Structure formats: C-alpha cells, structure tokens
Amino acid sequence: ALQTSTSKEALYKAFVMLEKLTQRVDSLPARAEACYWVGYCYYHGLGFVRRDFDKAAYYIQRAVNQKDCLVTHVNGCALLGEMYYLGYGVPQDIPR
C-alpha cells in the first residue's frame, strides 16, 4: 500500500507520462501496451487516478484494436469483455 503522498505523487506523474505515450509512441506494440495500462488504471481507480469507466473503455478498446502485441490484445479483450458484460463504460452487451 502507498504510505506517503510523495509515493502517490510519483505514481501519478508516471501515469501522466504513460498517458502521453499513448499518443506519441511510434511503435504499435508499445502504444498498445501503454493504452492497455492506462485503461487498466482508469478501470481500477488505483488511488492516483479516479475510476473512470468511460476512459477505461476508450483506452482498452484502442489497445485491443492494435493487435500487434498478443499479450496486450488478450488481456485487453478479457477486460473489455468484462466491461461489456457489466456495462461499465460501454453499453451492456452480455453476448459480446
């Protein structure tokens, strides 16, 4: 668990840098990885960012659409499937 505000501050700054990478990275696998982790952070609201299912869905969908990184694609599909099942950030669509 994070004990100090300095730790939370450092994690938040790292998160902001990662979010910027989702727009700037030329390598598609690296961009997919950045999108997945930003979406993951928004989905879980990890203390240094607020939970935001709409933003989570946006970034996870971007990660899934960039099929260049198999692990990111599989993890992204699983999380996006959960979001559709629960209706978090996307319309509920259980068959999807």
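Above this text sits the structure in question.
Heads up: these notes are all about the structure in this document. (Residues numbered from 1 in each chain as written. Predicted model: local features only at pLDDT ≥ 70, side-chain atom pairs only at ≥ 80, totals over all residues. Heavy atoms only, no water.)

**Brief notes about the overall build of the chain**
Consideration 1: Counting its secondary structure elements, the chain contains 4 helices and 0 strands.
Consideration 2: Counting helices and strands in the order they occur from the N terminus, the chain gives α-α-α-α.
Consideration 3: The C-alpha atoms of the chain give a radius of gyration of 14 Å, which matches the 12 Å a tight globule of 96 residues would have.
Consideration 4: Its C-alpha atoms give the chain principal-axis dimensions of about 45 × 30 × 20 Å.
Consideration 5: Counting over 96 residues, the chain shows a buried share of 34%.
Consideration 6: Put simply, of all contacts in the chain between residues at least 6 apart along the chain, 47% involve residues at least 24 apart. (Helix = DSSP H or I, 4+ residues; strand = E, 2+ residues; numbered from the N terminus. Rg over C-alpha atoms; globule rule 2.2 N^0.38 Å. Buried < 20%, exposed > 50% of the residue type's maximum accessible area, 1.4 Å probe, protein only. Contact = heavy atoms within 4.5 Å.)

**Comments concerning the packing of helix H3 (residues 53–65) against helix H4 (residues 70–86)**
Consideration 1: Contact geometry for H3 and H4: axes closest at 9 Å, N-to-C directions at 145°. Every pair of crossing elements has a handedness; the one defined by H3 and H4 is left-handed. Here Phe53, Ala56, Ala57, Ile60, Gln61, Ala63 and Val64 of H3 lie close against H4, whose contacting residues are Thr72, His73, Gly76, Cys77, Leu79, Leu80, Met83 and Tyr84.
Consideration 2: Across the contact of H3 with H4, the residue classes tally to 11 nonpolar, 4 polar and no charged. (Axes fitted to C-alpha atoms, helices over the stretch in contact; angles between N-to-C directions. Left-handed = near helix turned anticlockwise from the far one by under 90°. Nonpolar A, V, L, I, M, F, W, Y, C, P; charged D, E, K, R; others polar.)

**Thoughts on H3**
Consideration 1: For H3, with 13 residues, the first-to-last C-alpha span of 18 Å sits near the 18 Å given by 1.5 Å per residue.
Consideration 2: When we look at burial in H3, the residues that qualify are Ala56, Ala57, Tyr59, Ile60, Arg62, Ala63 and Val64.
Consideration 3: The N-capping residue of H3, defined by a side-chain oxygen 3.1 Å from the backbone nitrogen of Asp54, is Asp52. (Expected span 1.5 Å × (residues − 1). Polar contact = N/O pair within 3.5 Å; in protein donor to acceptor, adjacent residues only side chain to side chain.)

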